[in-house]
Amino acid sequence: MDGLSDLSFFALVVKRGTLAAAAQELGVTPPAVSKRLAAIEARLRVRLLNRTTRRMSLTPEGETYLTEGERLVAELDALERKISGGSVVPQGLLRINATLGFGRKYVTPELSRFALRYPEVEVQMHLSDRPVNLVEQAFDLAIRFGEQPDARITARKLANNRRFLCASPAYISARGVPNSPRDLHSHSCIVLRESDEIYGSWHFRSGTRQDTVKVRGPLSTNDGEAALAWALDGHGIVLRSEWDAAPYLRSGRLRLLLTDWAAPPADIYILFPAKSHLQAKTRAMVDFMLDAFADKRRTDRLNSNDLELLW
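Basis of the calculations
Residues numbered from 1 in each chain as written. Predicted model: local features only at pLDDT ≥ 70, side-chain atom pairs only at ≥ 80, totals over all residues. Heavy atoms only, no water. Pairing = 2+ DSSP bridges. Helix = DSSP H or I, 4+ residues; strand = E, 2+ residues; numbered from the N terminus. Contact = heavy atoms within 4.5 Å. Axes fitted to C-alpha atoms, helices over the stretch in contact; angles between N-to-C directions. Buried < 20%, exposed > 50% of the residue type's maximum accessible area, 1.4 Å probe, protein only. Polar contact = N/O pair within 3.5 Å; in protein donor to acceptor, adjacent residues only side chain to side chain. Salt bridge = Lys/Arg side-chain N within 4 Å of Asp/Glu carboxyl O.

Chemist: Outline the sheet that holds strand 7 (residues 163-167), supporting the account with residue identities and numerical values.
Modeler: Taking strand neighbours across the sheet as the criterion, the 5 strands line up as 11-8-12-7-13 in an open arrangement whose pairing is mixed. Every other strand in the sheet has two partners, leaving strand 11 (220-221) and strand 13 (255-256) as the edge strands with one partner each. Sheet topology note: the strand 8 (residues 189-192)/strand 11 ladder contains 2 bridges and is parallel. Bridged to Leu-192 within strand 11 is Thr-221. In the packing of helix 8 (residues 242-251) onto the sheet, the strands contacted are strand 7, strand 12 (237-241) and strand 13, and the crossing angle to strand 12 comes to about 120°.

Structure follows, in structure tokens:
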């Protein structure tokens, strides 16, 4: 087998996750896949994958072979697209990762539309509550909150996403409203245990003033939907993303608090490995998603005193 064919084969094996799944994709037997993988490793004189009966993992040499190989395949794809006048059709397996709540509510319907437009692309979506390593776990794309400090990853803003302090009318009626971040010490706050933020520390800014408050309350969770449900039931004050809280703020089931203060935003980004040329399927997905969420990143609709909801 020629080198480029081997690179494509290896990338497929990694993305499928098991030899059996790769064999099913290729229409051959698992022993045939194992034999070809062993032949590639013998030719290169290195081990590319650590394999057990249950899982596979990339060796350092395997990660280099995968990332550099994908770059070469992408460059070939770009060359063919240039020669053919841009007529290369997006096709093949595309693995995408997103957060649980946002992925279910907003990414899933867009992927449904994408599948109708690009029937030759096989989309495999994985939802998780924690970030994944795109390179090591062989994802083509990820949709996450906040930019990633990894030089190997390109981040494009998908949508603006503010975070709002809010509570239900029932809670406000019973406990009143805080007039400053410091007043939160005397309130029940619903704390979300997520990402790498310091547990229970809420940060606020108003003009040049900044304040960090350590909050507490009888209820905490690692799930945003649960925290929001408790706030709707009147258990306390919650700090939630605009995409999640906006429908309840519009309906009046939640009310904004401390509107003169702003929490750090949690803007939403689409991430993909940094390459000089993207494969047609990846470029199609990036462009599609940026277009789908274009109205959610209109900066002309946002300023520090404007509480118009984007979502």
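Next comes the rest of the write-up.
Chemist: Quick one: what's the story with unusual backbone geometry, residue by residue and with numbers?
Modeler: The phi torsion at Arg-45 lies on the positive side, around 65°, for a residue other than glycine. Note that Arg-45 resides in the loop between helix 3 (30-44) and strand 1 (49-51). The phi angle at Leu-258 is positive, at roughly 50°, despite the residue not being glycine. As for its position among the elements, Leu-258 is in the loop between strand 13 and strand 14 (268-273). Exposure remark for Leu-258: the relative accessible area of 10% places this residue in the buried category.

Chemist: Give me the environment of Asp-211: which residues, what numbers.
Modeler: Relative to the helices and strands, Asp-211 resides in strand 10 (residues 209-214). We classify Asp-211 as buried; its relative accessible area is 15%. Sequence-wise, Asp-211 and Arg-182 are 29 residues apart; in three dimensions their C-alpha atoms are separated by 8.2 Å. In this view, Asp-211 contacts Pro-181, Arg-182, Trp-202, His-203, Phe-204 and Trp-261; residues no more than four positions away in its chain are not counted. A distance of 2.6 Å separates the side chain of Asp-211 from the side chain of Arg-182, its partner in a polar contact.

Chemist: So what's going on with the pattern of salt bridges? Which residues, and what values?
Modeler: For the structure shown, the criterion picks out 11 salt bridges. Across the pair Asp-140 and Lys-15 runs a salt bridge whose closest N-O atoms are separated by 2.7 Å. Of this pair, Asp-140 sits in the loop between strand 4 (121-128) and strand 5 (141-145) while Lys-15 sits in helix 1 (residues 3-16), and the two are 125 residues apart along the sequence. Residue Asp-140 shares its accessibility class with Lys-15, and that shared class is buried. As a salt-bridge pair, Glu-41 and Arg-51 come within 3.2 Å of each other at their nearest N and O atoms. Of this pair, Glu-41 sits in helix 3 while Arg-51 sits in strand 1, and the two are 10 residues apart along the sequence. Classification of Arg-51 as partly exposed rests on a relative accessible area of 26%. Sharing partners across several salt bridges, the network here consists of Asp-6, Arg-36 and Arg-43.

Chemist: Lay out the sheet that holds strand 14 in plain terms, naming residues and giving numbers.
Modeler: Read from one edge of the open sheet, 5 strands run 4-3-5-14-6, paired in mixed fashion. In the strand order of this sheet, the two ends are held by strand 4 and strand 6 (153-159), each with one partner. Strand-to-strand twist of the sheet, defined as the mean angle between neighbouring strand axes without regard to direction, takes the value 25°. Pairing between strand 3 (residues 92-99) and strand 5: 3 bridges, direction parallel. The partner of Asn-97 across the bridge, within strand 5, is Ala-142.

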